[in-house]
Amino acid sequence: MKPVVYIDGKEGTTGLQIFERLGSRDDIELILIDEDKRKDTEERKKFINAADIVFLCLPDAAAREAVALCDNDSTRFIDASTAHRTNPAWDYGFPELSEAHREAIQVSKRVANPGCHASGFISSVYPLVKLGIVPADYPLTCSSLTGYSGGGKKLIAEYEDPNRDPRHDSHRIYGTTLKHKHLPEMTHVCGLKAAPVFVPILGDFYKGMASTIMLHNKLLPGQPTAQDIHARLAEYYAGQQLVRVAPFGGEEPVIYANTLAGHDSLELIVCGHEEQTIVTALFDNLGKGASGAAVQNMNLMLGFEETTGLTK
């Protein structure tokens, strides 16, 4: 029998993108709730308990409520909200971080899908901390430029309104309280002693993301050069299908945030010199930053080849 899959919250941006990746597949059975019953608790409960895998594409409180509707031991969840990303009872859904992460996802019943900005930060910082290149108490800083689709339907409509605020023509810095919702996840997963100073920036483009950390090499153990850091990251991710490290300095002396729009992969670009290094994670905020990562996790949980239905 084919695994049964249900998307709770299919009408949101992440849910629609997951549906796009799954809709034409013949190796699963995708069950769809009637449009007029998608907020009916009892109907949702039936679908949740009938599925082998449930994607939760909901606000945090609704995601917690959905898990509580499950009354069997077989339904497995992939939560795309922030509700469970620091919960030790849930496995973190970034398989490239380590073999232990991958193995945990494969057998897990509860997988927390990473956040978009968090994916960019963690993809560079986690291995650097694990390898001892960056100490857990290093004062990290990160800026992350994203397309407006990450804000969901309301923000998409705002940016695509022909009568929009003309200031939308330029990028805007937000999260200026420095308490962005991804910070607990970024700090927890990387094992940091303090949250990074994190600045998200919204651009006038639909999708794509470039998350950049900045390092002073002389403050790091052994004072590695940027080339040293590049070599260690390239070795760390060697053989991965959906995370790769570009040649040192990248393919050109500029980085465009929407380069990997439409792809489900992530590329790390290391630039710098003896004294300073930047590492930029380049990816699609709706791909490896959300829906693509969720489908990758589903593939691993069901024993499928992990890139099935995805675009590298």
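First things first, this report covers the structure right here in the doc. (Residues numbered from 1 in each chain as written. Predicted model: local features only at pLDDT ≥ 70, side-chain atom pairs only at ≥ 80, totals over all residues. Heavy atoms only, no water.)

1. Some details on the packing of aromatic side chains
To keep things clear, this is the line we draw: Only Phe, Tyr and Trp rings are paired, with Trp represented by its six-membered ring, and only when their centres lie within 6.5 Å; those with planes under 30 degrees apart are stacked, over 60 edge-to-face, the remainder tilted. Numbering of helices and strands starts at the N terminus; helices are DSSP runs of H or I of at least 4 residues and strands are runs of E of at least 2. Three exposure classes are used, based on accessible area relative to the maximum for each residue type with a 1.4 Å probe and protein chains only: buried under 20%, partly exposed in between, and exposed over 50%. Criterion for a charge above a ring: Arg CZ or Lys NZ at most 6 Å from the ring centre, at most 35 degrees from the ring normal.
Using the criterion set out here, one finds 4 aromatic pairs in the structure. With centroids separated by 5.0 Å and ring planes inclined at 15°, the aromatic side chains of Y148 and Y159 adopt a geometry described as stacked. On the criterion of sequence distance, the pair formed by Y148 in the loop between β7 (141–146) and α6 (152–160) and Y159 in helix α6 is long-range, its members being 11 residues apart. Take Y148: its relative accessible area is 8%, and that puts it in the buried class. Among the residues examined, Y159 registers a relative accessible area of 3% and is labelled buried. With 5.7 Å between their ring centres and 85° between their planes, Y148 and Y206 make a pair best called edge-to-face. Of this pair, Y148 sits in the loop between β7 and α6 while Y206 sits in the loop between β9 (197–202) and β10 (209–216), placing them 58 residues apart in sequence. In this structure Y206 comes out as partly exposed when scored by relative accessible area, which is 31%. Through pairs of rings, three or more aromatic residues link up here, namely Y148, Y159 and Y206. The positively charged end of K10 is found above the aromatic ring belonging to F19, 4.6 Å away from the centroid.

2. With respect to the pairing of strand β12 (residues 266–272)
For clarity, the cut-off: At least two DSSP bridges between two strands are needed for those strands to be called paired.
Counted residue by residue, β12 has 6 buried out of 7 residues, so it is predominantly covered. Across 3 bridges, strand β11 (residues 243–245) lies against β12 in parallel orientation. Note on β12: the bridge partner recorded for V243 is L266. Across 7 bridges, β12 lies against strand β13 (residues 276–283) in antiparallel orientation.

3. Thoughts on the sheet that holds strand β8 (residues 172–173)
As summarised here, the arrangement of the 7 strands in space is β8-β9-β7-β10-β13-β12-β11, forming an open sheet in which the pairing is mixed. For this open sheet the edge positions go to β8 and β11, each flanked by a neighbour on one side alone.

4. Focus: a negative patch on the surface
Condition: Nonpolar side chains (Val, Leu, Ile, Met, Phe, Trp, Tyr) are joined into patches within 5 Å and like charges within 9 Å, using only residues with over 30% relative accessible area and no salt bridge. In short, Shrake-Rupley with a 1.4 Å probe defines the accessible areas, and a residue's cover is counted only from the protein chains shown. Here a salt bridge means any side-chain nitrogen of Lys or Arg lying within 4 Å of a carboxyl oxygen belonging to Asp or Glu. Asp and Glu are treated as the negative residues and Lys and Arg as the positive ones, with His and the ends of the chain left uncounted. Where a charge lies is defined by one atom per residue type, namely NZ (Lys), CZ (Arg), CG (Asp) and CD (Glu).
A grouping of D34, D36, D40 and E42 is seen on the molecular surface, where their side chains present a negatively charged patch. One can find D36 in the loop between β2 (29–31) and α2 (41–50). Classification of D36 as exposed rests on a relative accessible area of 68%.

5. Observations regarding the environment of E185
Selection rule: Here a residue-residue contact requires only that any non-hydrogen atoms of the pair lie within 4.5 Å.
Its place among the elements puts E185 in helix α7 (residues 183–190). Those residues within four positions of E185 in sequence are excluded, and the remaining contacts are R85, T86, Y92, P114, G115, A118 and I122.

6. Considerations on the environment of Y236
Among the secondary structure elements, Y236 is positioned in helix α8 (residues 226–236). Between the C-alpha atom of Y236 and that of N49, which follows or precedes it by 187 residues, the distance is 39 Å. Excluding anything up to four places from it in sequence, Y236 contacts E96, L97, S98, Y126, P127, K130 and L131.

7. Focus on the side chain of R102
For clarity, the threshold we go by: Two N or O atoms count as a polar contact when they lie within 3.5 Å, although within protein this holds only if one can serve as hydrogen donor and the other as acceptor, and sequence-adjacent residues are included solely when both atoms are side-chain atoms.
Inspection of the secondary structure assignment puts R102 in helix α4 (residues 99–107). One polar contact links R102 to Q240, side chain to side chain, over a distance of 2.7 Å. Those residues in contact with R102 that lie beyond four places of it in its chain are P95, E96, Q240, L300 and E306.

8. Brief notes about α4
Note the following rule: Note that the arc is defined by the directions from the helix axis to the C-beta atoms.
Considered for burial, the residues of α4 that qualify are H101, R102 and I105. Down the axis, α4 shows its buried residues gathered within 100° of arc, on one side only. Opposite its buried face, α4 presents the exposed residues A100 and V107, each directed more than 90 degrees away. Looking at the buried positions of α4, the neighbouring elements they touch are β4 (76–79), β5 (91–92), β6 (110–112), α5 (116–130) and α9 (287–302).

9. Some words on the nonpolar core
Applicable threshold: The set of buried Ala, Val, Leu, Ile, Met, Phe, Trp, Tyr and Cys residues whose side-chain atoms join them within 4.5 Å is what this entry labels a nonpolar core.
One finds F121, I122, V134, L215 and I229 to be the most contacted residues of the largest nonpolar core, which totals 38 residues. Every element with two or more residues in this core is listed here: α5, α7, β10, α8, β11, β12 and β13. With 8 residues, the single largest contributor to this core is α5. Judged by nonpolar contacts, the second largest core, of 19 residues, contains V4, I33, I48 and C70.

10. Thoughts on the sheet that holds strand β1 (residues 4–8)
Put simply, the rule is: Lines are fitted to the C-alpha atoms to define the axes, a helix being fitted only along its stretch in contact, and any angle between axes, read from their N-to-C directions, falls within 0 to 180 degrees.
Read from one edge to the other, the open sheet built from 6 strands follows the order β2-β1-β3-β4-β6-β5, with strand pairing classed as parallel. Of all strands in the sheet, those bounded by a partner on one side alone are β2 and β5. In this structure, β5 lies alongside β6, joined through 2 bridges in parallel fashion. Bridging from a neighbouring strand, Y92 pairs with A112 of β6. Strand contacts of helix α1 (residues 13–22): β1, β2 and β3 (53–56), with the helix running at about 155° to β1, the strand carrying the most contacts.

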